[in-house]
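One letter stands for each residue in the lines below.
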Amino acid sequence: MPVDQSLVGREFAPTTPRAVTREHVAAFAAALGAAAGEDVPPTYPIVLAFDAMQTFLAAEQIDLFRIIHGEQRFTYERPIRVGDSLTATLSVASLRQIGGADIIGTTSAIHDADGSLVCTAKATLVHTGGQS
Amino acid sequence: MIPGDVFEPISYELTRADLVAYAEAAGDPNPIHQDEDVARSVGLPGVIAHGMLTLGLAGRAVSTWTGGAEVVEVGCKFTNPVVVPAGGSVEVHVSGTVKKVEDGLATIALEVTCEGTKVLGMPKAVVRA
């Protein structure tokens, strides 16, 4: 079933605040084979963007296994630090259909507890359930 | 860093166990990274690594090359899947070149390959120089 065209421009609810803990940063770094240190890996905010994507997929009743990651970009306003509490708010920036797949452009704005923008995560999601 | 600097390429080995560990740490339970049948059902050649695991390895290379410089931008397109066989491993190869240094920011163009095929499209990182 193709994704509804009216999605473009829609903003979804912010995710539940997520605490950036030393333990989770170390686990994420270890999963990339890196030594655990104070530095937060530059791709760490995918955890927030993924939370926001799950909110979006649940709202639109899209199965995660039909989603393939097409593109991802993070632009930082400041580094993420242990002790941050972050939320992500996803909006749908673009939508087009190619060969039965939906190409969904999303932007997730990641804010800290003060409401300041920390990082913008732009993702292109390829939804392969388009053929009905 | 000056434009034209070429970093020493780094290779990383990936196994199915690495995909399980990454899935858990990143909170990404998508079965296309674990289950051969589900992966094939959506047209993939087999179980594939998370694109963000591959980009994460590229980020790790940038950190190694720059001594942990602050990253202000990182991204790519996921153009070819990194297929990870059961009971085996594949190597992800990361190389990088400084393209531009301006206003205290260095742009590093990356090339990320697996089994001789480019797997990321236009991967790049911008770091504080």
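Computed from a prediction, not measured in an experiment: that's the story for all the values here.

Procedures and definitions
- Residues numbered from 1 in each chain as written.
- Chains lettered and ligands numbered in written order.
- Predicted model: local features only at pLDDT ≥ 70, side-chain atom pairs only at ≥ 80, totals over all residues.
- Heavy atoms only, no water.
- Helix = DSSP H or I, 4+ residues; strand = E, 2+ residues; numbered from the N terminus.
- Polar contact = N/O pair within 3.5 Å; in protein donor to acceptor, adjacent residues only side chain to side chain.
- Contact = heavy atoms within 4.5 Å.
- Buried < 20%, exposed > 50% of the residue type's maximum accessible area, 1.4 Å probe, protein only.
- Pairing = 2+ DSSP bridges.
- Buried area = accessible area lost by both parts, 1.4 Å probe.
- Salt bridge = Lys/Arg side-chain N within 4 Å of Asp/Glu carboxyl O.
- Core = buried A, V, L, I, M, F, W, Y, C linked by side-chain atoms within 4.5 Å.

Q: Would you mind showing me how to read the side chain of H33 of chain B here?
A: Residue and element names in this part refer to chain B. Tracing the sequence through the fold places H33 in the loop between helix 1 (16-26) and helix 2 (36-41). One polar contact links the side chain of H33 to the main-chain carbonyl oxygen of I48, over a distance of 2.8 Å. Apart from the residues within four sequence positions on either side, H33 is in contact with L19, D28, V47, I48, A49 and H50.

Q: Can you help me understand the pairing of strand 2 (residues 71-78) of chain B in this one?
A: Regular strands have side chains that alternate between both faces of the sheet. Summarising burial for strand 2 of chain B: 7 of the 8 residues are buried, a large majority. The sheet contact formed by strand 2 (residues 67-76) of chain A and strand 2 of chain B spans 5 bridges and is antiparallel. Bridging across to strand 2 of chain B, Q72 of chain A finds its partner in C76 of chain B.

Q: Would you take a moment to explain the interface of chain A and chain B for this structure?
A: Many structure descriptions define interface size as the accessible area lost when the parts assemble. Taken residue by residue, the interface counts 29 residues in chain A and 33 residues in chain B. The junction of chain A with chain B conceals about 2,500 Å² of combined surface from both sides, 64% of it contributed by carbon and sulfur atoms. Three residues, L32, F65 and R73 of chain A, lead the burial of chain A against chain B; their summed loss comes to 22% of the area buried on that side. The tally of links between chain A and chain B comes to 1 salt bridge. Close ionic contact of R73 of chain A with E73 of chain B constitutes a salt bridge, the shortest N to O distance being 4.0 Å. Counting every contact that joins chain A to chain B gives 9 residue pairs in polar contact (both at pLDDT 80 or more). Those elements that place two or more of their residues in the side of chain A that touches chain B are helix 1 (22-31), helix 2 (46-60) and strand 2 of chain A. Among the elements that take part in the side of chain A that touches chain B, strand 2 of chain A stands out by supplying 10 residues, more than any other.

Q: Explain the nonpolar core to me, please; I cannot follow it from the model alone.
A: Here is a general trend for soluble globular proteins: nonpolar side chains tend to be buried in one another's company. Grouped together as the largest cluster of nonpolar side chains are 75 residues, with contacts concentrated most on F56 of chain A together with Y22, V82 and V94 of chain B. Of all the elements, helix 2 of chain A adds the most residues to this core, at 9 residues. Within the second largest apolar cluster, 9 residues are counted, among which are A101 of chain A together with I32, A39 and V42 of chain B.

Q: Would you mind going over the environment of H127 of chain A with me for this structure?
A: All names here are of chain A. Examined against the element boundaries, H127 turns out to sit in strand 5 (residues 117-127). Overall, H127 belongs to the buried group, its relative accessible area being 5%. Between the C-alpha atoms of H127 and H69, which are 58 residues apart in sequence, the distance is 8.9 Å.

These figures come from the coordinates and say nothing about function on their own.
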